[in-house]
Amino acid sequence: METAERFRAAVEKRDFSVLDDLFAEEIRFYSPVKFTPFEGKPMVLALFGVLLRVFEDIRYVGHLEGTAETGADGTEAPTEILPFRAVVDGKQIHGIDMLQLDEAGRVKEFTVMVRPQSAVQALGQAVLAGLVADGLVPGPAA
């Protein structure tokens, strides 16, 4: 089974354990709400722990394949795009997960894009709260 299909099945089943095999050690995760990427497998796996709690009723609605430039070094990499629909904090969102693969077929760059803007804001607030609750980032200053 190819990487995107395994990823899709893991997310839809909320099977967090599969993600460890799918991600490269040096994975970079580009978020729609953070300018700099999350880096490294431990941080990205922890982030997915939060995301799998935040996204309600996530369902993938397509699968596109091709190649695209990576953000890190500008080289072309095999790229798979999974359009999705989900609910975050009561808001319907549309988005895509873009998985860029290394030579071994592991995800080396992961980019999430969502719309509309109100959904981006809801997603950002929910993810920040989850990251703080899990001790992955400090809470806002009082």
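Every residue gets a number counted from 1 within its own chain, in the order that chain's sequence is written. For this predicted model, a pLDDT threshold of at least 70 governs which residues receive local features, and a threshold of 80 or more governs which side-chain atom pairs are given and counted, while totals over whole chains, interfaces and linings are taken from all residues. The side-chain quantities take in all heavy atoms of the structure and omit both hydrogens and water.

Enquirer: Could you give me a rundown of the environment of Gln 92, with the residues and numbers involved?
Expert: Within the fold, Gln 92 resides in strand E6 (residues 91–101). In this structure, the C-alpha to C-alpha distance between Gln 92 and Ser 118, residues 26 residues apart in sequence, is 9.5 Å. Any pair of residues with heavy atoms lying within 4.5 Å of one another is described as a contacting pair. Residues in contact with Gln 92, not counting those within four places in the same chain, are Ala 86, Val 87, Pro 116 and Ala 119. Note on conventions: DSSP H or I runs of at least 4 residues are helices, E runs of at least 2 residues are strands, and numbering of each starts at the N terminus.

Enquirer: Can you break down the nonpolar core residue by residue, with the values?
Expert: Among the buried residues, those of types Ala, Val, Leu, Ile, Met, Phe, Trp, Tyr and Cys that are joined through side-chain atoms within 4.5 Å form a nonpolar core. We call a residue buried when its accessible area falls under 20% of the maximum for its residue type, exposed when it is over 50%, and partly exposed in between, using a 1.4 Å probe and counting protein chains only. Phe 7, Phe 23, Phe 29, Phe 48, Phe 55, Phe 84 and Phe 110 are the most contacted members of the largest nonpolar core, which totals 38 residues. For this core, the element with the highest residue contribution is helix H3 (residues 41–54), accounting for eight residues. Residues in contact with Phe 84, not counting those within four places in the same chain, are Phe 55, Ile 58, Arg 59, Tyr 60, Val 61, Ile 93, His 94, Gly 95, Ile 96, Asp 97, Val 112 and Val 114.

Enquirer: Describe in detail the packing of H3 against helix H4 (residues 117–133), supporting the description with residues and values.
Expert: The contact between H3 and H4 brings their axes to 9 Å, and the two run at 120°. Relative to H4, the element H3 is oriented oblique. Relative to H4, H3 is oriented so that their crossing is right-handed. Where H3 abuts H4, its residues Met 43, Leu 47, Val 50, Leu 51, Arg 53 and Val 54 lie against Leu 123, Ala 126, Val 127, Gly 130 and Leu 131. Only the stretch in contact is used when fitting a helix axis, every axis being a line fitted to C-alpha atoms; angles between N-to-C directions are given from 0 to 180 degrees. Oblique is the label for every angle not falling under 35 degrees (roughly parallel), over 145 degrees (roughly antiparallel), or within 65 to 115 degrees (roughly perpendicular). Take the far helix as your reference; a near helix turned counterclockwise from it by less than a right angle gives a left-handed crossing, and one turned clockwise gives a right-handed crossing.

Enquirer: I'd love a proper account of the pattern of salt bridges, names of residues and values included.
Expert: One side-chain nitrogen of Lys or Arg within 4 Å of one carboxyl oxygen of Asp or Glu is enough to make a salt bridge. Evaluated as defined, the whole model comprises five salt bridges. A salt bridge links Lys 41 to Asp 20, with the shortest nitrogen-to-oxygen separation between them at 3.4 Å. Of this pair, Lys 41 sits in helix H3 while Asp 20 sits in helix H2 (residues 19–22), and the two are 21 residues apart along the sequence. The class of Lys 41 is buried, set by a relative accessible area of 9%. For Arg 28, the salt bridge goes to Glu 39, with nearest N and O atoms at 3.2 Å. Taken together, the positions of Arg 28 in strand E1 (residues 23–30) and Glu 39 in strand E2 (residues 38–39) put the pair eleven residues apart, joining distant regions of the chain. Of the residues examined, Arg 28 reaches a relative accessible area of 22% and is grouped as partly exposed. Residues participating in the shared-partner salt-bridge network are Asp 20, Glu 25 and Lys 41.

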